[in-house]
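# Fold and geometry: a report
Single-letter residue listing:
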Amino acid sequence: DTAVSQTPKYLVTQMGNDKSIKCEQNLGHDTMYWYKQDSKKFLKIMFSYNNKELIINETVPNRFSPKSPDKAHLNLHINSLELGDSAVYFCASSQDGRAEAFFGQGTRLTVV
Amino acid sequence: GDSVTQMEGPVTLSEEAFLTINCTYTATGYPSLFWYVQYPGEGLQLLLKATKADDKGSNKGFEATYRKETTSFHLEKGSVQVSDSAVYFCALNFGGFKTIFGAGTRLFVKA
């Protein structure tokens, strides 16, 4: 049973399109995150949610809109995709705001 | 601001060599410290952690000690294997729903 699962694993799309990435965790955690990893492997937090409430929005363009329908799910919708959005996006969860994070396998987004 | 600095890679070692990956942090206060590992094509996995000064985290032969006086959390392993080839990330967390990661260090282990 995968603890943190995200879909799709790969996403290739054209500039200007809108796409969504879904994430689910079955660990019973209260906190979920979206991270972006660039081509040099640098990892930066985008959003964190606790009990479905947005806690951190790390100066991400408002083309990116997270949505948490319940504590087990955190989806990411991206409007008007740009070339610079190409990256690997990781969903993660943790028991609370200080505990270690459990990561999904990542979604490799390529914008052409 | 809070930050993590780790040694640049890639680090290339022969099997059974000793590994050290340096990590230092800048922070006001007392964060929890972590090492994560990322194998090719996968997400990050927690390797070990330490939550207070002088704690030693250990797992799978890897160790790191939380040194408040030198603000460091260096990763060590006595004898690396080819299967240890991966990217290693040092990270800190203050409990503010945000983990700050270092830039990652790629390790190659040759047979």
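Note: the structure precedes this text.
Summarised in this report is the structure supplied together with it. (Residues numbered from 1 in each chain as written. Chains lettered and ligands numbered in written order. Predicted model: local features only at pLDDT ≥ 70, side-chain atom pairs only at ≥ 80, totals over all residues. Heavy atoms only, no water.)

### Description of the environment of His29 of chain A
Residues and elements named next belong to chain A.
- On the secondary structure map, His29 appears in the loop between strand E3 (19–25) and strand E4 (31–37).
- Here His29 falls in the buried class, since its relative accessible area comes to 9%.
- For the pair His29 and Asn51, spaced 22 residues apart in the sequence, the C-alpha separation amounts to 8.8 Å.
- Sequence-distant contacts of His29, defined by excluding residues within four places in its chain, comprise Lys71, Ser93, Ser94, Gln95 and Phe102.
- Among the polar contacts made by the side chain of His29, one reaches the main-chain amide nitrogen of Ser94 at a distance of 3.4 Å. (Helix = DSSP H or I, 4+ residues; strand = E, 2+ residues; numbered from the N terminus. Buried < 20%, exposed > 50% of the residue type's maximum accessible area, 1.4 Å probe, protein only. Contact = heavy atoms within 4.5 Å. Polar contact = N/O pair within 3.5 Å; in protein donor to acceptor, adjacent residues only side chain to side chain.)

### Focus on unusual backbone geometry
- In this model, Thr7 of chain A is joined to Pro8 of chain A through a cis peptide bond whose omega is 0 degrees.
- With respect to the helices and strands, the residue Pro8 of chain A is situated in the loop between strand E1 (4–7) and strand E2 (10–13).
- Residue Pro10 of chain B is reached from Gly9 of chain B by a cis peptide bond, and omega for that bond is -5 degrees.
- One can find Pro10 of chain B in the loop between strand E1 (3–6) and strand E2 (11–14).
- At Lys60 of chain B, a residue that is not glycine, the phi angle is positive and equals roughly 55 degrees.

### Quick look at the interface of chain B and chain A
- Residue-level contacts link 25 residues of chain B with 25 residues of chain A.
- The contact between chain B and chain A buries some 1900 Å² in all, and 54% of this surface belongs to carbon and sulfur atoms.
- When residues of the side of chain B that touches chain A are traced back to their parent elements, those giving at least two are strand E5 (32–38), strand E6 (44–50), strand E10 (86–93) and strand E11 (99–101) of chain B. (Buried area = accessible area lost by both parts, 1.4 Å probe.)

### Looking at the pairing of strand E12 (residues 105–110) of chain B
Residues and elements named next belong to chain B.
- Covered by surrounding structure in E12 are Thr105, Leu107 and Val109 only, the residues Arg106, Phe108 and Lys110 on the alternate face being uncovered.
- Two strands pair when backbone bridges link them, and E2 and E12 are joined in this way by four bridges, in the parallel orientation. When the bridges of E12 are listed, Val11 appears paired with Leu107.
- Direction of pairing for E10 relative to E12: antiparallel, over a ladder of three bridges. The residue of E12 that forms the bridge with Val87 is Arg106. (Pairing = 2+ DSSP bridges.)

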